[in-house]
Amino acid sequence: PLVADAEMLGTPDPELAATMGFSGFGKKARTFDLEAMFEQTRRTAVERSRKVLEAREREKEDQTEKEFRIPCTDSSLSASSATGLGSTLTEREAVCSESEDDSNEALSGPSVQSQSSAKGPAEDSDDDDGDDDDGEFIGPPLPPGFKDSDDDNDNDDTEEEDNNPVKKIPDSHEITLQHGTKTVSALGLDPSGARLITGGYDYDVKFWDFAGMDASLQAFRSLQPCECHQIKSLQYSSTGDVILVVSGNSQAKVLDRDGFPVMECIKGDQYIVDMTNTKGHTAMLNSGCWHPKIKEEFLTCSNDGTVRTWDVNNEKKHKSIFKPRSVQGKRVIPTTCTYSRDGKLIAAGCQDGSIQIWDRNMSVHTKFHCRQAHASGTDTSCLTFSYDGTVLASRGGDDTLKIWDIRQFKKPLNSADGLPSFFPMTDCCFSPDDKILVTGTSVKKGGGSGKLFFFYRETFQKLYEIEVTDASVVRCLWHPKLNQIMVGTGNGLAKVYYDPVKSQRGAKLCVVKTKRKERQAETLTQDYIITPHALPMFREPRQRSTRKQLEKDRLDPMKSHKPEPPVAGAGRGGRVGTHGVTLSSYIVKNIALDKTDDSNPREAILRHAKEAEENPYWVAPAYAK
């Protein structure tokens with residue numbers, strides 16, 4: 001046995017302890033018997049492994065008996081008891097080997113958990129048995145039948161969620177981002193879901209970074225890319241490296257991820273009648289979006305009655321032009337436009353209530369169109385294709401939401417009405433699983449709450465509604481990767497709804513971070529001017545630390561003296577009352593101070609008569625000669 005020799009350490013020396021700064025000398029060292037420790041550990045390990053092996057054996061026997069007992073009838077059972085145990089043993093081995101094969105096959109799939117939930121409860125028992133053979137689970141055995149019931153519950157839960165789509169809506173928690181005071185008219189999330197951009201009627205575009213934000217929820221950048229034009233639409237490209245900004249002017253802009261300009265579309269010549277010959281839009285833009293597959297191409301529509309596609313690398317001229325026409329063949333204004341999910345079709349909703357769809361490569365004639373999709377003279381505010389690409393949803397300015405199969409475009413598959421919309425960009429979107437359609441409603445000031453409605457795509461039955469705020473709900477966006485719903489409202493808020501379990505990243509990242517305290521001491525006391533070549537007598541002493549300087553300043557009564565507030569009204573405490581800064585207020589004050597009595601003008605003049613006679617100065621000397 002190894003024994004640490006306590007005597008080697010010597011007796012405690014108080015002087016040495018004082019000089020060394022610690023006093024650990026007087027304690028006797030512990031003795032360790034290593035062989036005894038090893039023996040103890042070995043015994044524990046042997047005991048534990050024996051228990052595990054016994055438990056496994058017992059569980060295996062229980063399982064095989066159970067499996068063997070199910071297919072056999074009572075008569076066969078009595079026969080087998082007569083014939084002895086040999087046959088049962090061989091069958092048992094066969095069942096064991098089968099279950100092992102099953103488990104090996106199962107493990108080659110995506111994951112054990114998903115496999116087991118996909119299978120029925122009958123096969124689960126085989127699977128679990130095989131897993132035990134492979135040595136997945138270590139420890140005491142679970143009671144027989146426990147595993148099966150648990151898996152059944154899991155299956156029931158998933159089935160229940162499939163049957164009840166409301167369970168999939170992530171709305172248990174929310175955060176509110178304060179964009180400003182005016183309507184949030186545009187929302188954009190990059191494809192990875194790391195950054196959110198909001199644009200509004202206050203001309204501002206704000207950038208929010210979920211990973212970089214703390215619980216104070218402040219935007220990290222705010223800019224006005226289009227001077228004094230309301231922002232109509234914001235969207236990240238399919239790769240997330242550039243942003244399309246559509247505002248109230250005639251030129252769309254493309255910014256990079258940090259808000260710096262990449263390109264600006266050219267303005268067309270407004271004196272040319274034929275829009276094909278103008279290089280760009282000549283009137284206010286209404287909407288725009290990126291091509292889902294080609295990362296350099298985007299689409300815009302405008303009040304000049306055209307829909308144009310553009311290339312980021314060529315800002316001098318549009319790529320192609322589409323001209324929607326009314327029944328009479330006249331020009332009609334497109335209010336919204338979008339690409340299909342594969343990017344092969346271009347759809348536009350027009351002011352005459354029609355929806356017109358072109359093949360992207362053939363710009364003259366429409367491929368599909370529906371003339372009376374919505375009421376004429378109203379702004380169709382949004383068109384969006386489902387993820388499977390077969391269905392088109394349209395949000396009308398006539399307070400309706402409709403869903404269309406574009407192959408049979410005469411009448412809608414379903415429609416819902418009574419959904420007021422006061423904004424030309426009220427939108428709708430599909431849930432990530434394509435089963436739910438979401439849209440917002442508008443309210444007048446003081447007319448209740450704006451709501452977010454959820455409709456079941458197949459039947460258009462209203463599944464759910466969320467009361468968002470006491471203003472209109474304008475924009476909504478359900479991000480497939482984050483599984484979070486972003487909402488832009490009429491009172492300058494951007495709300496993010498999420499569920500801690502069903503949602504990923506996004507708002508969950510910034511909620512957990514505590515607010516950073518602003519350290520007051522580190523703010524500069526006054527600007528320190530560095531003059532390296534000044535003469536010694538003019539040099540300021542270099543400020544070493546602002547905190548120390550601040551503490552010194554607090555000791556100086558001159559610097560710590562709070563300035564007296566201005567006196568309002570009559571003067572007091574030896575200070576004269578203030579008067580206004582205008583000339584008129586100054587004159588009025590002086591008139592009030594002038595106490596001379598001019599009540600009798602004749603007397604006032606004659607007061608100077610005697611002096612004038614004795615010492616003529618003005619009139620008499622002039623006429624003396």
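In what follows, the accompanying structure is described. Remember, predicted model here, so these are calculated numbers, not experimental data.

Positioned with a positive phi, L217 is a non-glycine residue whose angle comes to about 55°. Within the fold, L217 resides in the loop between strand 4 (205–209) and strand 5 (221–223). Taking relative accessible area as the criterion, L217 reaches 16% and is therefore assigned buried. Of note, D434 is a non-glycine position whose phi angle comes to about 70°, a positive value. Summarising the element assignment, D434 is placed in the loop between strand 22 (428–430) and strand 23 (436–440).

Considering all chains together, one arrives at nine aromatic pairs under this definition. Ring centres of F322 and W358 lie 5.5 Å apart, and the angle between their planes is 45°; this geometry places the pair in the tilted category. Note that F322 is positioned in strand 13 (residues 320–322) and W358 in strand 16 (residues 355–359), a separation of 36 residues in sequence. Taken as a pair, F322 and W358 share a single burial class, namely buried. For the pair F455 and F460, a centre-to-centre distance of 5.6 Å together with 20° between the ring planes defines the contact as stacked.

As for its position among the elements, S421 is in the loop between strand 21 (414–416) and strand 22. Placed 21 residues apart in sequence, S421 and S442 show a C-alpha to C-alpha distance of 5.0 Å.

Before going further, it helps to spend a moment on the nonpolar core. The biggest cluster of nonpolar side chains holds 18 residues, and the ones touching the most others in it are I175, L177, L196, F210 and M486. Contributions of two or more residues to this core are made by strand 1 (173–178), strand 2 (184–189), strand 28 (493–498) and helix 8 (507–511). Excluding residues that lie within four positions of it along the chain, M486 makes contacts with L187, L189, L196, F210, R475, C476, L477, K495 and V496. Listed in part, the 15 residues of the second largest apolar core include C429, F454, W478 and I485.

The next thing to look at is helix 9 (residues 546–555). Among the residues making up helix 9, those that are buried are T546, Q549 and D553. Seen from one end, helix 9 has its buried residues packed into an arc of 60°, which puts them on one side. In helix 9, the exposed residues that point more than 90 degrees away from the buried face are K548, K552 and L555.

Scoring rules and cut-offs
- Residues numbered from 1 in each chain as written.
- Predicted model: local features only at pLDDT ≥ 70, side-chain atom pairs only at ≥ 80, totals over all residues.
- Heavy atoms only, no water.
- Helix = DSSP H or I, 4+ residues; strand = E, 2+ residues; numbered from the N terminus.
- Buried < 20%, exposed > 50% of the residue type's maximum accessible area, 1.4 Å probe, protein only.
- Phe/Tyr/Trp six-rings, centres within 6.5 Å; stacked < 30°, edge-to-face > 60°.
- Core = buried A, V, L, I, M, F, W, Y, C linked by side-chain atoms within 4.5 Å.
- Contact = heavy atoms within 4.5 Å.
- Arc of directions from axis to C-beta.

Everything listed here is a matter of geometry and, on its own, says nothing about what the molecule does.
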